[in-house]
Amino acid sequence: MKIIYLTNFNPFFENSASANRILSLLEGLSNFGAEIKVIITTGYRSRQELKRFGKNGFIGNIGYQYICFIKSSNLWQRRFNKYVLMPLIQPLISKRIQNIIKKDSNYILWTACRFDLLKFVVEHKKRYPQIKTFLEMNEYLDIHKGSKTKTIHRIIGAARQNYFEAQAFWAYDGIALMTRALVRHYELFPKSGTKLLHLP
């Protein structure tokens, strides 16, 4: 089994609960013989990450490849890259992803739950409906509605939620959900071919 995992950030470097969770899943699947490649789409979070990982390589049996080489070493760079630069170069990033994954149709395309990656999967599934797609979610998509959320985060969060519920949900063949409450929530959606998996 081959898995291509699309993510904005390198789970081998990112220090967060969600990164640790996805890394555990990938390593577990690798230990069972899956051939895994991680494609990182938004560049480097620091100079240390660039120095340590370079453009591509392997960690154990898991391959990784950066397709964007911008650096976001401080808060100003992160905000500029996220809200200005990345939207401008997103067509180039999507083309680079296509050039990598179109070489082999025998894989599962697994993505992080990021707005740009949801859009990519919808378009890719239209072109290649035979490709199997997978998503792992560990929270509701309405977290942007919190009272302390900044306006721009509310706008982007609402757009992601609306897009997922209108289009992206049906572009995935399987979705792993962290809680039974999430499973019950998406079971209420109109029937589709999407299989829901409770994965605590």
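Above this text sits the structure in question.
The shown structure was predicted, so the numbers you read here are calculated from the model rather than taken from an experiment.

Here is what the cut-offs are and how they apply
Residues numbered from 1 in each chain as written. Predicted model: local features only at pLDDT ≥ 70, side-chain atom pairs only at ≥ 80, totals over all residues. Heavy atoms only, no water. Helix = DSSP H or I, 4+ residues; strand = E, 2+ residues; numbered from the N terminus. Rg over C-alpha atoms; globule rule 2.2 N^0.38 Å. Contact = heavy atoms within 4.5 Å. Areas by Shrake-Rupley, 256 points an atom, 1.4 Å probe, with all protein chains shown as cover. Pairing = 2+ DSSP bridges. Axes fitted to C-alpha atoms, helices over the stretch in contact; angles between N-to-C directions.

Q: Teacher, can you tell me more about the overall build of the chain here?
A: For the chain, the count of helices and strands is six helices and eight strands. What you see in the chain, going N to C, is helices and strands ordered as β-α-β-α-β-β-α-β-α-β-α-β-α-β. Radius of gyration (C-alpha) of the chain: 17 Å, near the 16 Å computed for a compact globule of 200 residues. Based on the C-alpha atoms only, the size of the chain along its principal axes is roughly 45 × 45 × 30 Å. Of the contacts formed within the chain by residues at least 6 apart in sequence, a portion of 65% connects residues at least 24 apart. Carbon and sulfur atoms form 56% of the exposed surface of the chain, whose accessible area is close to 11,300 Å².

Q: Quick question: what am I supposed to make of the sheet that holds strand β4 (residues 62–66) here?
A: Strand pairing in a sheet relies on backbone hydrogen bonds, with the paired strands running either antiparallel or parallel. Spatially, the eight strands line up as an open sheet ordered β3-β4-β2-β1-β5-β6-β7-β8, and their pairing is mixed. Looking at the sheet topology across the chains shown, the edges are occupied by β3 (56–59) and β8 (195–198). Across this sheet, the average inter-strand angle for adjacent strands is 20°, counted without regard to direction. Across four bridges, strand β5 (residues 108–111) lies against strand β6 (residues 132–137) in parallel orientation. If you follow L109 over to β6, its bridge partner there is T133. Strands in contact with helix α4 (residues 115–127) are β1 (2–7), β5 and β6; relative to β5, the strand with the most contacts, it is inclined by about 155°. Together, β6, β7 (174–177) and β8 form the strand contacts of helix α6 (residues 180–187), whose direction differs from that of β8 by roughly 165°.

Shape is all these values report; function is a separate question.
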